[in-house]
Amino acid sequence: MSETPASPSLTARAVAARAAPYLEGLNPAQRQAVEALDGPVLMLAGAGTGKTRALTTRIAHLLSLGRARPNEVLAVTFTNKAAREMKERLGRLMGESVEGLPWLGTFHAISVKLLRRHAELVGLKSNFTILDTDDQIRLLKQVIAAENIDEKRWPARLLAGLIDGWKNRALTPEKVKGAEAASFNNYGGELYVAYQARLRALNAVDFGDLLLHMVTIFQAHPDVLAQYQRWFRYILVDEYQDTNVAQYLWLRLLAQGHRNICCVGDDDQSIYGWRGAEVGNILRFETDFPGAQVIRLEQNYRSTGHILAAASGLIAANAGRLGKTLWTEAESGAKLRLIGHWDGEEEARWIGDEVEAVQRGARELAAVGLNSQAILVRASHQMRAFEDRFLTIGLPYRVIGGPRFYERAEIRDAMAYFRLAVSPDDDLAFERVVNLPKRGLGDKAVQNIQRAARAAGVSLLDGARELLAHGGITGKGAGQLRGFVEGVERWHSEVVGPLVRVADTGEIVVHDDEVGVSLGSFVRGVPTKSHIELAEQILEESGYTAMWQADKSPDAPGRLENLKELVKALEQFENLQGFLEHVSLIMDNASEDAAEKVSIMTLHAAKGLEFPVVFLPGWEDGLFPSQRSMDEGGLRALEEERRLAYVGITRAERLCTISFAGNRRVYGQWQSALPSRFIDDLPAAHVEVLTPPGLYGGGFGAAARPAASTIEERAARADVYASPGWKRMQERAASRPLAQPREARHVVIDLDAVSDFEPGARVFHQKFGYGLVRAIEGDKLTVVFDKAGEKKLLASYVVAADNADDVPF
Ligand code: ATP
Ligand code: MG
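So, how was this worked out
- Residues numbered from 1 in each chain as written.
- Chains lettered and ligands numbered in written order.
- Predicted model: local features only at pLDDT ≥ 70, side-chain atom pairs only at ≥ 80, totals over all residues.
- Heavy atoms only, no water.
- Helix = DSSP H or I, 4+ residues; strand = E, 2+ residues; numbered from the N terminus.
- Buried < 20%, exposed > 50% of the residue type's maximum accessible area, 1.4 Å probe, protein only.
- Contact = heavy atoms within 4.5 Å.
- Areas by Shrake-Rupley, 256 points an atom, 1.4 Å probe, with all protein chains shown as cover.
- Phe/Tyr/Trp six-rings, centres within 6.5 Å; stacked < 30°, edge-to-face > 60°.
- Lys NZ or Arg CZ within 6 Å of the ring centre and 35° of its normal.
- Pairing = 2+ DSSP bridges.
- Axes fitted to C-alpha atoms, helices over the stretch in contact; angles between N-to-C directions.
- pLDDT = per-residue confidence, 0-100.
- Parallel < 35°, antiparallel > 145°, perpendicular 65-115°, else oblique.
- Left-handed = near helix turned anticlockwise from the far one by under 90°.
- Salt bridge = Lys/Arg side-chain N within 4 Å of Asp/Glu carboxyl O.

Novice: Provide a residue-level description of the overall build of the protein chain, including the pertinent values.
Specialist: Looking only at helices and strands, the protein chain features 31 helices and 24 strands. By residue count, 52% of the 809 residues in the protein chain fall in the buried class. Once local pairs closer than 6 in sequence are excluded, the contacts in the protein chain between residues at least 24 apart make up 75%. By element, 51% of the accessible surface of the protein chain is carried by carbon and sulfur atoms, the whole surface being about 36500 Å².

Novice: Can you break down the packing of aromatic side chains residue by residue, with the values?
Specialist: Remark: the centre distance and the inter-plane angle together describe each pair of aromatic rings, the angle taken between the planes. Scanning all chains against the criterion turns up 25 aromatic pairs. Judged by centre distance (6.0 Å) and plane angle (55°), the rings of Phe 386 and Phe 390 are tilted. Here the residue Phe 386 and the residue Phe 390 both occupy positions in helix α17 (residues 383-393), the gap between them amounting to 4 residues, near one helical turn. You'll find Phe 386 and Phe 390 in the same group, each marked buried. Among the aromatic side chains, those forming a connected cluster through ring pairs are Trp 103, Phe 218, Tyr 228, Trp 231 and Phe 232. Of note, Arg 116 hangs over the ring of Phe 128, and the distance from its end group to the ring centre comes to 4.1 Å.

Novice: Describe the sheet that holds strand β24 (residues 798-800), listing the residues and the values that go with them.
Specialist: Spatially, 5 strands are ordered β23-β22-β21-β20-β24 in an open sheet, and the strand pairing comes out antiparallel. Both edges of this open sheet fall to β23 (789-794) and β24, since each of them pairs with a single strand only. For this sheet, the mean inter-axis angle between neighbouring strands, taken without regard to orientation, is 40°. Here strand β22 (residues 780-785) pairs with β23 via 6 bridges, running antiparallel. Each residue of the ladder has a partner; that of Val 783, found in β23, is Lys 791.

Novice: I'd like a rundown of the confidence of the model for the protein chain, residues and numbers included.
Specialist: Here the protein chain averages 82 in pLDDT, and 82% of its residues register 70 or above. Taken element by element, the predicted model of the protein chain shows its lowest mean pLDDT in helix α30 (residues 707-718) (33) and its highest in strand β16 (residues 611-616) (98). Under a pLDDT of 50 for its full length, residues 1-8 has, in the predicted model, 0 contacts with residues more than four places off or in other chains. Between residues 587-592, whose pLDDT stays under 50, and residues either more than four places distant or in other chains, the model counts 21 contacts.

Novice: Can you tell me about the packing of helix α19 (residues 409-422) against helix α24 (residues 531-541), naming the residues and giving the values?
Specialist: The interhelical angle for the contact between α19 and α24, taken along N-to-C directions, is 115°, at an axis separation of 10 Å. Regarding the angle of α19 to α24, the classification is roughly perpendicular. For the pair α19 and α24, the sense of crossing is right-handed. Only Ala 535, Ile 538 and Leu 539 of α24 make contact with α19, whose side of the interface consists of Ala 414, Tyr 417, Phe 418 and Ala 421.

Novice: Please set out the environment of Arg 439 residue by residue, giving values where relevant.
Specialist: Summarising the element assignment, Arg 439 is placed in the loop between α20 (427-433) and α21 (443-456). Sequence separation between Arg 439 and Gln 480 is 41 residues, and the spatial gap between their C-alpha atoms is 5.6 Å. Residues contacting Arg 439, with those up to four places away along its chain left out, are Tyr 417, Val 433, Val 434, Gly 477, Gln 480, Phe 484 and Ser 542.

Novice: Outline the pattern of salt bridges, listing residues and values.
Specialist: Tallying each qualifying case throughout the model produces 34 salt bridges. Arg 419 is the salt-bridge partner of Asp 135, the closest N and O atoms lying 2.8 Å from each other. Highlighted residues: Asp 135 in helix α6 (residues 133-146) and Arg 419 in helix α19, separated in sequence by 284 residues. Given a relative accessible area of 2%, Asp 135 falls into the buried group. Residue classification places Arg 419 among the buried residues on the basis of a relative accessible area of 13%. For Asp 681, the salt bridge goes to Arg 642, with nearest N and O atoms at 2.8 Å. Of this pair, Asp 681 sits in helix α29 (residues 677-681) while Arg 642 sits in helix α28 (residues 627-649), and the two are 39 residues apart along the sequence. Each member of the salt-bridge network shares a partner with another, and the members are Asp 266, Asp 267, Asp 268, Arg 321 and Lys 324.

And the structure:
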């Protein structure tokens, strides 16, 4: 047989791609980066020069040319939001929706998918739980206590930092040696071993493990690695300057197959050194991938002249950089604006007014909608002042860039209940809510459960069940604990679907009460309830909602509101598992609603994004640059902070405003501050200094105003709960019912098989005789038998009436 000639459709595609509209408008360097498909490519260029655009176009090009199928492209972005945006952009470029890019996502999101396929290679089950920081700390506390170390002197957070650092450097416990292993009062290495063992016993991983386990698997199982090396024909990585060692190894291992790896980044935007990112990775690219094409881009398409010049001037103050010149064809536009305020609340008030002014078109720009405006903060505690102020004046906002919502206590409690429903063996979730609401279980009772579970080598839920069975817990707590244990069992059976027994005749019998019987002739049916209904049921039956309803504290209504919001968030997911997975991975908001809202986010989260109008508040020494970073990292950290400032300014397209306050309340303490040293780095020719309005105008440096009056003013302003905005919100919440009840679904067997029969078909059953098929669901039939009446049974137990003679049973 002769060799297959090149497929005509491929050739046609190639021709089409050559004239592809998506290539138009790229500059020559970008085009080079898009078209250099084979071999390693590095795009090293400054902010806003179109790196991400070129990378996205490259994917479009690969797909259009038919060089790779969507599932053969591995594309790594820094945030989930960036991944979503890339998919949208691709859709626009290719003029069709791009659904099937399963391997476009963050390192973590991709790793979790890979690890689920190979979990057993590192001693986990594929349904492992992903712990968040809070759970991680809780677990570490237990590990520390087990070694009889005083947690007060040697806090779990410190150990968490050490372990994360090791994981970021791809160090498994056996690789931590010498002085490092002797850290944490000599126990560092040992505790790391114990922690990993606990994680494994709990069938859990922390964030760092997602990558570390995959690197371990790739290194120890060349066959698995080879499979993915073949699979991923093209690898693309955005924001390469922020990869840590584990991510770097992960990529390098995978890229060794086809060596078609394209990385883009900017050494001036390396802002995750504190989390183990190694800017050296990008500088070493040519050594790692000999023969790599290095492409530099210099034209900035994002910002107007003054903004770009101000940012360039600022970053020039850093010593450790490759150095590059950026230019723009855009007009000079507005100068970067600088304004000082008396305190943080005044700053928030001013920015709120300014956002509205810009929205009305009162700022020399055409009106700019709220979606196009962003407030970028150095530290998340700065956000509250803006949230409070915007609630007061009814200015819609969204907080992006941190799982803030999901960090709230009530949300975490509710999630713990959901986690238990999904995996009843999730001990951390059990501990969190077993006595929440109060179930009359003291510390001692909980310790008893732990002891019983440990002794029997079972989960806490099983331990509790055992204790109850043997009278190990008595009194008021016993009854309530029993209710809790039974609740978890019930919810779990809702998650996995009812137990269905297939009788000898093929007849399907639902057995809710048969839990515990050998699964021999049992199968699981599809859950009868939607996961939304189930979530509501869990919150009701556990008494958790009632606990907050009974709570008279001022924040209880807000917490109930959040719980409703949580249930609402579930609507976007198919099931609880999917939702929990998503939450454990998010770095940005789950719901990207279309409504016009001003964004509030950290500078770190803003990487790669752009907004026509940007506010950069809190430029004070100590806050930005952050004192803590400088204390820990000295000059290196200062330079990283300056890069963060550079990232901030370069997010702005047309208007950028930097502000600082003379006084600020940080964690309840008033502190006075000096303007950030970064302000001195800004080239004066590109900056306009504004005078703050108001009675005591003059902002920072103006004569101090009487403290008493400001405190009263502040108190009046801080009364968010009496404000019209808050009341409106409450009314809206009250008028919005919980999710609508849905129609109950029928139980169907969860098998993909589809029967050959059609409704109306005449069939024969060994025992029930002849009948007519009335309905079909999957491989399950409802048959009205002539003599035996209506039955539900598996299709494989009947034959077409014509073949009655062939009945094998
Ligand atoms: P960052 O370093 O901040 O991640 P980047 O280099 O990835 O920036 P992009 O976000 O890709 O830059 O592009 C910045 C802006 O410039 C985007 O709005 C993009 O659409 C636009 N842009 C990029 N290339 C071109 C071009 N050739 N012509 C016109 N606009 C462009
Ligand atoms: Mg980018």
